[in-house]
Every structure is written in structure tokens, then in C-alpha cells.
Amino acid sequence: MDVTIEPSWKKVLADEFEKPYFSSLAQYLHDEKRAGKTIYPPGRLIFNAFNLTPFDKVKVVILGQDPYHGPGQAEGLSFSVPHGIATPPSLQNIYKEIENDLGVPVRKDGSLESWAKQGVFLLNAILTVRAAQPTSHSKIGWETFTDAVIKVISDNKTGVVFLLWGNYARSKKDLIDDSKHYILEAAHPSPLARGAFFGCKHFSKTNEILINNGMEPINWTL
């Protein structure tokens with residue numbers, strides 16, 4: 001795989017790209033493509049979260065599981081869909097919580113690029129998926145890579161706010177040094193969680209932490 005990734009990430013992840021598992025992962029994706037499988041997101045967007053949020057700029061991490069598996073939905077950012085694509089149910093619930101938490105309406109476009117550009121690292125644990133087959137790439141090496149990404153953030157930065165929504169995201173808690181970072185946990189925003197996500201107030205809490213640490217808060221309504 002020809003990794004086109006923002007330079008600050010390329011530097012801190014250099015060791016990972018040289019490991020055997022990453023070569024195997026790249027080969028697997030190459031073989032899938034050669035076999036005529038449709039993979040989401042398109043190759044140029046696989047590392048979109050990294051390219052929109054350089055390592056030096058990461059202030060908040062929102063961890064998702066794997067990309068949307070429908071046509072045109074995945075854009076390499078957790079929970080986000082490209083401009084003009086219908087907002088998925090989990091993201092609708094995220095928007096509802098922002099409105100309730102901050103008392104301001106959120107624009108209804110489903111792209112979270114504006115968050116990414118403010119330092120919100122929208123990381124999926126699995127970075128690719130076969131069309132119409134959720135978690136189909138869950139055992140090919142991506143989690144080894146993204147666990148290393150989380151650990152690199154934890155080890156080399158301080159004061160990052162990690163938002164862990166749902167059991168899968170919470171299972172990554174042990175990778176984060178909570179003596180120098182902030183971990184906020186909640187139920188998953190999916191409708192399957194029956195509203196348990198609502199009332200977590202993670203958006204106001206995150207901004208309070210950032211402001212207390214002398215950082216610019218996130219404009220969640222952009």
C-alpha cells in the first residue's frame with residue numbers, strides 16, 4: 001500500500017509501516033481489489049482522519065469501529081459522511097446531544113471535516129470495509145495499527161480528551177495513560193442503545209477541559 005499520510009503522522013508511525021503485519025495488511029487490500037471487491041472508503045480517503053488532523057494538532061479523539069459500508073458514505077472519518085449524503089442515525093443522535101448539551105442548533109450536514117480541522121481526530125479502529133459487509137476487515141491488521149496510533153498519542157502528547165462511546169471504544173481504555181489525558185465514556189450514540197447516550201454532555205465537558213488547559217474550544221456546531 002502506498003501510504004499517503006500527513007508528515008507528522010508519518011514520522012511518529014514510521015516503525016508501524018515497516019512491520020510485517022502492515023505489509024500483510026497492504027497485500028490483503030491489494031488482493032481484495034484484484035478480486036474485484038468494492039472497498040470503502042476509496043484509497044485516497046483511507047487515511048483522511050490523519051491528513052485532516054496532523055499529529056501536532058490532535059486535541060480530542062473520537063473513536064469509532066469501522067467505516068460505513070454503503071455506497072458513498074465512508075470518508076475516512078469516524079461517524080462522518082461526505083457533504084450531501086443522508087446523515088446516519090448515530091450521527092443524528094450525536095447532533096441531538098450537541099443541541100441539548102450546548103443549547104444551539106447544529107447544521108444538519110453529515111460531514112465532520114470541520115471538527116477534524118479543529119483538532120478532533122476522528123479515528124475508526126478499522127480503516128476499511130468490504131461493501132455491504134460490516135466489520136469484514138476486522139481481522140486483517142487494522143486494529144493492531146490503530147491500537148499503536150492510540151498508544152502513540154497517549155505516550156507522546158498530554159491533555160488529549162478521548163471520547164469513548166460504546167463497549168468497543170471503551171475496550172481501548174487500557175491503551176491510554178489516564179494520568180496525563182482525559183477519558184470521557186458514554187453509551188454508543190446508535191439508536192440500538194435506546195437513548196443511553198443522551199445526557200452525557202461530552203461536548204460541553206470537552207470544551208471545559210480544553211479551556212482549563214489554555215486551548216481553543218471546539219466549535220461543535222460548524
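The structure this text deals with has already been given above.
None of these values were measured; they are calculated from a predicted model.

A.B. asks: I tried to follow helix H3 (residues 20-34) on my own but got confused; where do I start?
C.D. replies: Helical geometry: 3.6 residues make up each α-helical turn, so side chains three or four residues apart lie on a common side. Along its 15 residues, H3 runs 21 Å from first to last C-alpha, staying within 8% of the 21 Å computed at 1.5 Å per residue. Tucked inside the fold, the buried residues of H3 contact helix H2 (14-17), strand E1 (39-40), strand E4 (129-130) and helix H7 (142-156). Positive backbone phi, at 85°, marks Gly36, one or two positions downstream of H3.

A.B. asks: What should I look at first to understand the packing of H3 against H7 in this one?
C.D. replies: The angle between the axes and the distance between the axes are what describe a pair of packed helices. Closest axis-to-axis distance for the H3/H7 pair is 9 Å, and the angle between their directions is 130°. Compared by their axis directions, H3 and H7 come out oblique. Judged by the sense of rotation from one axis to the other, the crossing of H3 with H7 is left-handed. Here Tyr21, Phe22, Leu25 and Leu29 of H3 come into contact with H7, specifically with Trp142, Thr144 and Phe145. Across the contact of H3 with H7, the residue classes break down as 6 nonpolar, 1 polar and no charged.

A.B. asks: Would you mind showing me how to read the packing of aromatic side chains here?
C.D. replies: Each aromatic ring pair is characterised by the separation of its centres together with the angle its planes make. Within the structure shown, the criterion is met by 21 aromatic pairs. Between Trp115 and Phe203 the ring centres are 6.3 Å apart and the planes differ by 50°, which places this aromatic pair in the tilted class. A residue pair is termed long-range when its members are at least 10 positions apart, and Trp115 in helix H6 (residues 113-116) and Phe203 in helix H9 (residues 202-212) qualify at 88 residues. Considered together, Trp115 and Phe203 belong to a single accessibility category, that of buried residues. Three or more aromatic residues link up through ring pairs in this structure, and these residues are Trp9, Phe17, Tyr21, Phe22, Phe47, Phe50, Phe55, Phe121, Trp142 and Phe145. Above the ring of Phe55, the side-chain terminus of Lys157 is found at 5.0 Å from the ring centroid.

A.B. asks: Just to check I follow, could you spell out the environment of Ala131 for this structure?
C.D. replies: Residue placement: Ala131 occurs in the loop between E4 and H7. A relative accessible area of 23% places Ala131 in the partly exposed class. When the C-alpha positions of Ala131 and Phe17 are compared, they lie 25 Å apart, and in sequence the two are 114 residues distant. Beyond its immediate stretch of four places on either side in the chain, Ala131 contacts Thr38, Tyr40 and His69.

A.B. asks: Help me understand the pairing of strand E5 (residues 161-165) in this model?
C.D. replies: On any regular strand, side chains alternate: one points to one face of the sheet, the next to the other face. Extensive coverage of E5 is indicated by the burial of 5 of its 5 residues. Taking every second residue as pointing to the same face, both faces of E5 are buried, with Val161, Leu163 and Trp165 on one and Phe162 and Leu164 on the other. Here strand E2 (residues 60-64) pairs with E5 via 3 bridges, running parallel. Note that in E5 the partner of Val60 across the bridge is Val161. Pairing analysis gives 5 bridges linking E5 to strand E6 (residues 182-186), with the strands arranged parallel. Bridge pairing in E6 places Val161 opposite Tyr182.

A.B. asks: Would you mind showing me how to read the side chain of Glu6 here?
C.D. replies: Its place among the elements puts Glu6 in the segment before helix H1 (7-12). One buried charge, Glu6, has no salt-bridge partner; the nearest side chain with opposite charge is Lys57, at 8.9 Å. Side-chain polar atoms of Glu6 contact the side chain of Ser8, separated by 2.4 Å. Filtering out sequence-adjacent residues up to four positions away, Glu6 remains in contact with Phe50, Asn51, Pro54 and Phe55.

Cut-offs and rules
Residues numbered from 1 in each chain as written. Predicted model: local features only at pLDDT ≥ 70, side-chain atom pairs only at ≥ 80, totals over all residues. Heavy atoms only, no water. Helix = DSSP H or I, 4+ residues; strand = E, 2+ residues; numbered from the N terminus. Expected span 1.5 Å × (residues − 1). Contact = heavy atoms within 4.5 Å. Axes fitted to C-alpha atoms, helices over the stretch in contact; angles between N-to-C directions. Parallel < 35°, antiparallel > 145°, perpendicular 65-115°, else oblique. Left-handed = near helix turned anticlockwise from the far one by under 90°. Nonpolar A, V, L, I, M, F, W, Y, C, P; charged D, E, K, R; others polar. Phe/Tyr/Trp six-rings, centres within 6.5 Å; stacked < 30°, edge-to-face > 60°. Buried < 20%, exposed > 50% of the residue type's maximum accessible area, 1.4 Å probe, protein only. Lys NZ or Arg CZ within 6 Å of the ring centre and 35° of its normal. Pairing = 2+ DSSP bridges. Lys, Arg positive; Asp, Glu negative; His and termini not counted. Salt bridge = Lys/Arg side-chain N within 4 Å of Asp/Glu carboxyl O. Polar contact = N/O pair within 3.5 Å; in protein donor to acceptor, adjacent residues only side chain to side chain.

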